[in-house]
Amino acid sequence: MSKAETIYLKDYKAPQFTIKTCDLVFELYEEHTQVTNLMNIERVDESAKDLVLDSIELELLEIYLDDEKLSEDRYVIEEEHLRVLNVADAFKLIIINKIYPQLNSELEGLYKSGKIFCTQNEPEGFRRITPYIDRPDVMAIFKTTLVANRERYPVLLSNGNKESNFKLDDGRHGATWFDPHPKPSYLFALVAGDLGVVQDKFVTKSGKYVRLYIYTDRGNESKCKHAMKSLKDAMKWDEEVYGREYDLDLYNIVAVDSFNMGAMENKGLNIFNSAYVLADEDTATDANFMGIQSVIAHEYFHNWTGNRITCRDWFQLTLKEGLTVFRDQCFSADLNSKEVQRIEDVDALRERQFVEDASPTAHPIQPDSYMAINNFYTATVYEKGAEVIRMLHTLLGEQKYRKAMDLYFDAFDGQAVRTDDFLWAMGKAGGIDLEQFKRWYHQSGTPKLQVDERFEDKKYTLVLTQKVPKSVEGSEQKPYFFPLKMALLDDNGQEIEARTLIVTQEREEFVFRAEKKPTLSINRDFSAPIIVEQSHNDYAFLMKHDTNSYVRYESAQSFGLQCIENMMKGKEIDEEFVSAFGHILEEDKLDLSFKSLLMELPSVSAIMQRQEIVDFDSIYAAKEKLQKHLALTFKDKLFSIYSKNHTPDSKELDSLSIGKRAIKNRALKLLSALESDEAVAVANEQYNSSVTMTDRIAALDVLENTSPEFSTVALGHFYKKYNKDTLVMNKYFSILAASHREGTLDRVMALQNDPAYNELVPNLVRSLIGVFARNYKHFHAKDGYGYKFVADRIIDIDKINPQMASGLAGAFKIYKKMNRTNKKLMKTELERILLEPSLSKNVYEIVSKIVKG
Ligand SMILES: [Zn+2]
């Protein structure tokens, strides 16, 4: 195993040296790349003698100090460092080294994705390119020259603005880029390839003209329209809502197929997983279009929250990520439906982050230690981080929040700072003491809020008790400070009173006047990321009447959960829930996307999270029984919703068309529980006649889970049509890997040999292996083969791409809560992984925490 030492925030020390300028020359060849790195370096810490540069797997050729070639006794090559002995206060250092991007399967540093050279340097990739002080609080001005074969790599890109082009006699050419903004090395990027391009422009509010380019494999240019529109929408939104303009002459986006994450915000040169750029109606679903809009905006917003103001160290990651996710969520809410956006964001948080928070890998949004920083690009740092910013926004209100953001930009532009600096700006401009609020940054686990009520003498008393879980290490944690939006409703659902309570104590009472006992609507808009525990029976009322759309949805979910849990305990189906569900179906004035969310039964993950000991077999049995009962009871109504909203020729992306597709596909999915010929015929007809990928995927999902014969034909047709399109093949593999039919594991194993599958492409691994590992039915099969298969994949993929492998290991996070049989089977596999002799620290950190927990 490689070095797995723990790094602590408390050990942070300011850098001893700083790099003022970095002038790089990349000579890109087919076998290797030669890097020449000229740095102007200055001492900051008087006591430091040697210059220590981060350097991993680099082949050093020559080193020059102030133009004098260094003899070997002047420097030491250590395992992950290059140490230059006894340097002056200020000096020029030139390092020439060789790297092998073609052999780089970890996809960190400089690598090749297909025929394209590209980079991924966050968090610590740059040290795999050239020796450097590779930490975010060292900010330099970069100048980059790329030299490569002209025919193979006509496009040469780096950060900033382009300075010059040149031609060489040997068939090579070059380009020099200059970025005037000092930046940390993790924001460095380069791209070289034979790429198609789509161009546009944007004029900022102060009249500055910005050229916009999206580069992609040739032939895909027509699929960049939505990404380009999203970029312009994001630029405009950031000017209007945050007063922030773009600061370079051009903005480049490049789409590549092999990428470990969603996208990367490198200054002036964003590099994207092609899944978040390329889309048209024939190949992308409505969800893909929404995803592109949000990720394009996210990376653009980083230009201010991340690039201009960056993190002092990686423990501060949520400083840029939580804030930027909050910004992209608000952007999507403004451009689409606010209510649907909020529900979907909360759902995503609960599906992933709540599970993480309840597992042995739980950590605060600002962790205080790590082994592999790559493991901390988590739902906690991102999504819970965004909820924490949202609470600040609620506490301050729109105007003061904007004032505080302006202060943050004024005070820290061009610097590498901490979350404490951000909170200082929020507190100062907001006029609020945030000392207690800071606990959200340093404590882990999801707090629960027990809600009790009393009504006497026209006095309504709300009793709130915070139940804060212990940390993973077992230490006590303290009560939180948070805004709690609530309302009291009368018998018609009208608001008697609506307020934002500020909760700060472990136990608190709030008293209201009311003529009659009101109905409580609590944690409206999910104003705090907590679990509300309420022993009431108002779900049916709130589902029908609440004026807050989030609470309506939440009540439908809670009611469904209660019904399923009772069924798991052997009780009959609750007919009150069935009748409330029927009431929703009859409501004709609701937004269709919202109505489709109200019709959604609780996910298996949501049910699982409430179990003390998890057994997926009994969860599925109860949920499927309820689904079938609803489909039988409301068969005619569901078919009528289907036919009313099914317009197979429509491929519009307006909210009405998206809503129609959402609700009719929800109705179809419910009807599929009947396993009737009628439902199968409708799905089959939908597959054959629809023109959108949304409709085809929904139909395929139903066919795959209900009718092997029809599924084989339809999936065969699908494969034939799209097997050359990797992004569509991701969907194909996902449908098969998520299948509930018997024999899924065998089919998944066989698909690994499919010519369209490639273990080196993370998207494909995620859609086949990753989706299977989240197929609770087959992954947790009682014969243990699901666990064994995924453990084998983790071990193999760890040798290619440790980051990818540790992501897959996350599927075992629910180990602690599993029933005895499954737990034993899981343990065998987890221990087998840990016995691997050359396990990466990425996988070691995750798996060892799970086993110990
Ligand atoms: Zn980000």
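Residues numbered from 1 in each chain as written. Predicted model: local features only at pLDDT ≥ 70, side-chain atom pairs only at ≥ 80, totals over all residues. Heavy atoms only, no water.

## Looking at the overall build of the protein chain
Phase 1: Counting its regular elements, the protein chain contains 26 helices and 31 strands.
Phase 2: A compact globule built from 853 residues would reach a C-alpha radius of gyration of about 29 Å, and the protein chain, at 28 Å, matches this within 12%.
Phase 3: By its C-alpha atoms, the protein chain is 85 × 65 × 60 Å across when sized along the principal axes.
Phase 4: Residues counted as buried form 60% of the 853 residues belonging to the protein chain.
Phase 5: A total accessible area of about 33900 Å² is found for the protein chain, and carbon and sulfur atoms account for 48% of it.
Phase 6: Averaging the locations of the 110 positively and 132 negatively charged side chains of the protein chain gives two centres separated by 2 Å. (Helix = DSSP H or I, 4+ residues; strand = E, 2+ residues; numbered from the N terminus. Rg over C-alpha atoms; globule rule 2.2 N^0.38 Å. Buried < 20%, exposed > 50% of the residue type's maximum accessible area, 1.4 Å probe, protein only. Areas by Shrake-Rupley, 256 points an atom, 1.4 Å probe, with all protein chains shown as cover. Lys, Arg positive; Asp, Glu negative; His and termini not counted. Charge placed at Lys NZ, Arg CZ, Asp CG, Glu CD.)

## Considerations on the coordination of the zinc ion
Phase 1: Within the protein, the zinc ion binds to His298 (NE2), His302 (NE2), Glu321 (OE) and Glu321 (OE); these donor distances fall in the range 2.0 to 2.7 Å.
Phase 2: In this structure, the zinc ion is coordinated by four donor atoms arranged in irregular fashion, with angles at the metal of 53 to 152 degrees.
Phase 3: We note that the donor set of the zinc ion lies within a single chain, spaced as H-x3-H-x18-E. Of this pair, histidine 298 sits in helix 2 (residues 286-301) while glutamate 321 sits in helix 3 (residues 317-335), and the two are 23 residues apart along the sequence. Across this residue pair, the class does not change: histidine 298 and glutamate 321 are buried. (Donors = N, O, S within 2.8 Å, 3.2 Å for Na, K, Ca; no water. Tetrahedral: all angles 85-135°; square planar, octahedral: opposite > 155°, others 65-115°.)

## Considerations on the sheet that holds strand 29 (residues 507-513)
Phase 1: If you trace the four strands from one edge of the open sheet to the other, you get 29-26-25-31, paired in mixed fashion. In this open sheet, the two edge strands, each paired with only one partner strand, are strand 29 and strand 31 (531-534). Neighbour-to-neighbour, the strand axes of this sheet turn through a mean angle of 25 degrees, independent of strand direction.
Phase 2: Relative to strand 26 (residues 459-467), strand 25 (residues 448-456) is paired through nine bridges, and the arrangement is antiparallel. Along strand 26, the bridge assignment pairs arginine 454 with threonine 461. (Pairing = 2+ DSSP bridges. Axes fitted to C-alpha atoms, helices over the stretch in contact; angles between N-to-C directions.)

## A closer look at helix 3
Phase 1: For helix 3, spanning 19 residues, the distance from its first C-alpha to its last is 27 Å, which sits close to the expected 27 Å at 1.5 Å a residue.
Phase 2: Here helix 3 lies mainly inside the structure; 17 of its 19 residues are buried. (Expected span 1.5 Å × (residues − 1).)

## Looking at helix 21 (residues 762-773)
Phase 1: Helix 21 sits mainly inside the fold: ten of its twelve residues count as buried.
Phase 2: Turning to helix 21, its buried residues are Pro762, Asn763, Leu764, Val765, Ser767, Leu768, Ile769, Gly770, Phe772 and Ala773.
Phase 3: Contacts from the buried residues of helix 21 go to strand 21 (269-273), helix 19 (726-737), helix 20 (744-751), helix 22 (776-779), helix 23 (785-800) and helix 24 (802-809). (Contact = heavy atoms within 4.5 Å.)

## Some points on the packing of helix 3 against helix 4 (residues 338-357)
Phase 1: In contact at an axis separation of 7 Å, helix 3 and helix 4 are set at 145 degrees when each is read in the N-to-C sense. Between helix 3 and helix 4 the crossing geometry is right-handed. Where helix 3 abuts helix 4, its residues Gln329, Ser332, Ala333 and Asp334 lie against Lys338, Gln341, Arg342 and Asp345.
Phase 2: The residue inventory of the contact of helix 3 with helix 4, partitioned by class, reads one nonpolar, three polar and four charged. (Left-handed = near helix turned anticlockwise from the far one by under 90°. Nonpolar A, V, L, I, M, F, W, Y, C, P; charged D, E, K, R; others polar.)

## As for the environment of leucine 745
Phase 1: Note that leucine 745 resides in helix 20.
Phase 2: Take leucine 745: its relative accessible area is 14%, and that puts it in the buried class.
Phase 3: Between the alpha carbons of leucine 745 and aspartate 23 there is a distance of 52 Å; along the sequence they are 722 residues apart.
Phase 4: In this structure, leucine 745 is in contact with Phe772, Tyr785, Gly786 and Phe789, ignoring residues within four places of it in sequence.

## Section: the nonpolar core
Phase 1: In this structure, Leu93, Tyr408 and Phe437 are the most contacted members of the largest nonpolar core, which totals 156 residues.
Phase 2: Broken down by element, the residue count for this core peaks at 15 residues, all from helix 5 (residues 379-412).
Phase 3: Residue contacts for leucine 93: discarding those within four places in its chain leaves Asn37, Leu38, Met39, Ile41, Leu51, Leu53, Ile63, Tyr64, Leu65 and Val84.
Phase 4: Grouped together as the second largest cluster of nonpolar side chains are 117 residues, Leu585, Leu592, Ala631 and Met818 included. (Core = buried A, V, L, I, M, F, W, Y, C linked by side-chain atoms within 4.5 Å.)

## Details of the layout of surface pockets
Phase 1: Looking at the second largest pocket, its volume works out to about 1700 Å³.
Phase 2: Taken together, 50 residues form the lining of the second largest pocket, with Ile7, Asp54, His81, Glu124 and Arg127 sitting closest to its centre.
Phase 3: Take the lining of the second largest pocket: its biggest share by element is three residues, from strand 4 (residues 51-54).
Phase 4: For the lining of the second largest pocket, the class distribution of residues is 20 nonpolar, seven polar and 23 charged. (1 Å grid on protein atoms, 1.4 Å probe; cavity = no way out; pocket = protein on both sides within 12 Å on 5 of 7 lines; lining within 4 Å. Points joined across faces, edges and corners; volume = space filled by probe spheres on them.)

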